[in-house]
Structures are given as C-alpha cells and as structure tokens.
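# Summary of structural features
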Amino acid sequence: MRPVTEDERALRRAWSAVTAAFASHAMLSGLLGPWIPELKARTGIDASGLGVALMAFAAGLLFGTRLAGPAVRRLGGRTIVRGGLVVMAAGFASLPLAVDLATLAAIFLAIGATAGLVDVAMNIEAMAVERRFGRRVMTAIHGTWSVALFVGAGIASLGIAARIPIGVHLPIAGALIVALGSALLRWLPRGDEAASAV
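Sequence order as written defines the numbering, with residues in each chain counted from 1. At least 70 in pLDDT is required for a residue's local features to be given in this predicted model, at least 80 for side-chain atom pairs to be given and counted, and no such filter applies to totals for whole chains, interfaces and linings, which use all residues. Only hydrogens and water are set aside when side-chain values are computed; all heavy atoms of the structure are taken into account.

## Structural notes on the nonpolar core
As used here, the term nonpolar core means buried Ala, Val, Leu, Ile, Met, Phe, Trp, Tyr and Cys residues forming a set that is joined through side-chain atoms within 4.5 Å. Summary of the burial criterion: residues with accessible area below 20% of their type's maximum are buried, those above 50% are exposed, and those between are partly exposed, where the area comes from a 1.4 Å probe applied to protein chains only. Ranked by size, the top nonpolar core spans 56 residues in total, and within it Leu 28, Leu 95 and Phe 108 carry the most contacts. Secondary structure is summarised from DSSP: a helix means a run of H or I of at least four residues, a strand means a run of E of at least two, and numbering begins at the N terminus for each. Put simply, the parts of the chain that give this core at least two residues each are helix 1 (6-30), helix 2 (32-43), helix 3 (47-75), helix 4 (77-94), helix 5 (101-133), helix 6 (138-161) and helix 7 (166-185). Sorting elements by how many residues they give to this core places helix 5 first, with 13 residues. Every residue pair with non-hydrogen atoms within 4.5 Å of one another is taken to be in contact. When neighbours within four sequence positions are excluded, Phe 108 is seen to be in contact with Leu 32, Leu 39, Ala 53, Leu 54, Ala 56, Phe 57 and Leu 95.

Written as structure tokens, this is what we have:
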C-alpha cells in the first residue's frame, strides 16, 4: 500500500475543516426554528410582527452575502469563518434578551448578516479544497449542511422538551457547537489558497 503523503494528509484535514464549518453553521441555524414560538411569546409580538422580524433576518442575510467578497479578499475566508461562527453563536445566545419587536429584529438582522457572510466565506473555502482535490466534493459538504440543520433543530427541540429555559439552552448549545467545530477549523485553507477561489 502506498504511504499517505503529507500533502494528502493536509488536504484531508482541510476537507474535514470545511465540513466542520458547514456543520457548525447549519447546527447554529437549526437552533432557531423550534424556539420561535417562545421568542414570539416573550416579545409579545403577533404573526405580522414575527414576519417583520424574519424579514430583518433575510435582509441581514442579503447584506452579509454582498459584503463577503471584499471581506474575504481583505481578511481571508479562514478568519471570517472562524470568527463569524463565534459571532453567530453569540447572536443566538442574545435572542432571549429581546423584549419587543425592535430588539428582536435588530438581533435577527445581526445574526442574518453574520450568517450570510460566513456562508459565502465557507463556500469559498470549500471551492479551494475542491480545486486541490481535483474532483467534486461540494455535494457531500452541502449534504452535511442539510443533515446538520436537522441536528441543530433536534438539539433545540430536546431542550424545549426538557424544559430548559431559552436563556440557558441557546448560550450553552451555541458554545458547545462552536467549541466542537473549532478543533477542526484550524485546518481551514489559509489566505492565498482560498482567496484564489474568490
């Protein structure tokens, strides 16, 4: 059997890191859905108010994706993904602090912008890995995102079923997701490797 070269090991580590980034992003995103009824009740908003808050989330996503290209060229996708996931987790942890429509929409706007920024940056990282592999790996990586989204929703649903307060569950779940992913994120492609994919 041919021994595995150091370049091949590095490439496998980079693939694992990108997959971990997609999984972390999806699990954090999945935390939101099951808690929406609780957030709606805590802030005293009606269905139309919830719609406005979710529009703020969508607007943030759009803004984040537009900002991503220049940000990746300036800071590098690796830095944005690693830092952005922490900011996303902090954003979800702050959701219990919302007291009305304005504060909920503001937090959703910030989470959405960060999520959009990280989404583009991690796709750029994935493109860099795929280019080095010389074959398609994006399908498997995006498949991981879909599965991880359900895992995140399941984690939130279990917390609700166990009657864990939202102010306890979201900070702890977010911190654990980021902590678990960070062990692999250090292997994300560095500046020049990813920037060439922009």
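After presenting the structure, the write-up continues.
## Thoughts on the packing of helix 2 against helix 7
Angles shown run from 0 to 180 degrees and are taken between the N-to-C directions of axes, each axis being a line fitted to C-alpha atoms and, for helices, limited to the stretch in contact. Contact pair helix 2 / helix 7: the axes reach a minimum separation of 12 Å and the direction vectors enclose 135°. One element, helix 2, and the other, helix 7, form an angle in the oblique class. Crossing hand, helix 2 versus helix 7: left-handed. Across from Trp 35, Glu 38, Leu 39 and Arg 42 in helix 2, the residues of helix 7 making contact are Ile 166, His 169 and Leu 170. For this scheme, ten residues count as nonpolar: Ala, Val, Leu, Ile, Met, Phe, Trp, Tyr, Cys and Pro. Four count as charged, namely Asp, Glu, Lys and Arg, and the remainder, Gly too, count as polar. Residues belonging to the contact of helix 2 with helix 7 are distributed by class as follows: four nonpolar, one polar and two charged. Every angle not falling under 35 degrees, over 145, or within 65 to 115 is termed oblique; those three ranges are roughly parallel, roughly antiparallel and roughly perpendicular. Here a crossing is called left-handed whenever its near helix is offset anticlockwise from the far helix by less than a right angle, and right-handed whenever the offset is clockwise.

## What to know about helix 2
An α-helical segment advances 3.6 residues per turn. Residues three or four places apart therefore align on the same side. Buried residues of helix 2: Leu 32, Trp 35, Ile 36, Leu 39 and Thr 43, and no others. All buried residues of helix 2 lie within an arc of 135° about the axis, which places them on one face of the element. Every exposed residue of helix 2 that faces more than 90 degrees away from the buried side is listed here: Pro 37 and Ala 41. One or two positions beyond helix 2, positive phi appears at Gly 44, with a value near 70°. Picture the helix axis, draw a direction to every C-beta atom, and the arc is the one those directions span.

## Remarks on the environment of Thr 65
Secondary-structure assignment places Thr 65 in helix 3. Judged by relative accessible area, Thr 65 falls into the partly exposed class, the value being 24%. The spatial distance from the C-alpha of Thr 65 to the C-alpha of Thr 114 is 8.8 Å, given a sequence separation of 49 residues. Any N or O atom pair separated by 3.5 Å or less is treated as a polar contact, with the protein-specific requirement of one donor-capable and one acceptor-capable atom, and with residues adjacent in sequence counted only for side-chain atom pairs. Within polar-contact distance, the side chain of Thr 65 engages the side chain of Arg 66 at 3.5 Å.

## A word on a nonpolar patch on the surface
Only residues whose relative accessible area exceeds 30% and that form no salt bridge are eligible for patches; like-charged ones are grouped when within 9 Å, while nonpolar side chains (Val, Leu, Ile, Met, Phe, Trp, Tyr) are grouped when within 5 Å. Only the protein chains shown count as cover for residues, and all accessible areas are computed by the Shrake-Rupley method using a 1.4 Å probe. Any Lys or Arg side-chain nitrogen found within 4 Å of a carboxyl oxygen on Asp or Glu counts as a salt bridge. Nonpolar side chains collect at one region of the surface, where Ile 164, Val 168, Ile 172 and Leu 176 lie side by side and expose about 330 Å² of accessible area between them. Assignment of secondary structure puts Val 168 in helix 7. Take Val 168: its relative accessible area is 39%, and that puts it in the partly exposed class.

## Some remarks on the side chain of Glu 130
Counting through the fold element by element, Glu 130 comes out in helix 5. For Glu 130, a relative accessible area of 17% corresponds to the buried category. When neighbours within four sequence positions are excluded, Glu 130 is seen to be in contact with Arg 135, Arg 136, Val 137 and Met 138.

## Examining the side chain of Thr 43
Mapped onto the fold, Thr 43 is located in helix 2. Using a relative accessible area of 8% as the deciding quantity, one classes Thr 43 as buried. Within the local environment of Thr 43, its side chain forms a polar contact with the backbone oxygen of Leu 39, the two atoms lying 2.7 Å apart. Dropping the residues within four chain positions of it, Thr 43 is found in contact with Ala 98, Val 99, Asp 100 and Leu 104.

## Quick look at the packing of aromatic side chains
Given two aromatic rings, their pairing is described by the distance between the two centres and the angle made by the two planes. Aromatic rings from Phe, Tyr and Trp, with only the six-membered ring used for Trp, were paired whenever their centres fell within 6.5 Å, and each pair was classed as stacked if the ring planes differed by under 30 degrees, edge-to-face if by over 60, and tilted otherwise. Under the definition given, this model contains one aromatic pair. Centroid distance Phe 57 to Phe 108: 5.9 Å. Interplanar angle 80°. Geometry classified as edge-to-face. Residue Phe 57 is found in helix 3, and its partner Phe 108 is found in helix 5; the two are separated by 51 residues along the sequence. Here the basic side chain of Arg 13 rests over the ring of Trp 187, its NZ or CZ set 5.8 Å away from the ring centre. In this arrangement the basic side chain of Arg 186 is found over the ring face of Trp 187, its NZ or CZ atom lying 4.5 Å from the centre. Whether a charge lies above a ring is judged from NZ of Lys or CZ of Arg, which has to be within 6 Å of the ring centre and within 35 degrees of the ring normal.

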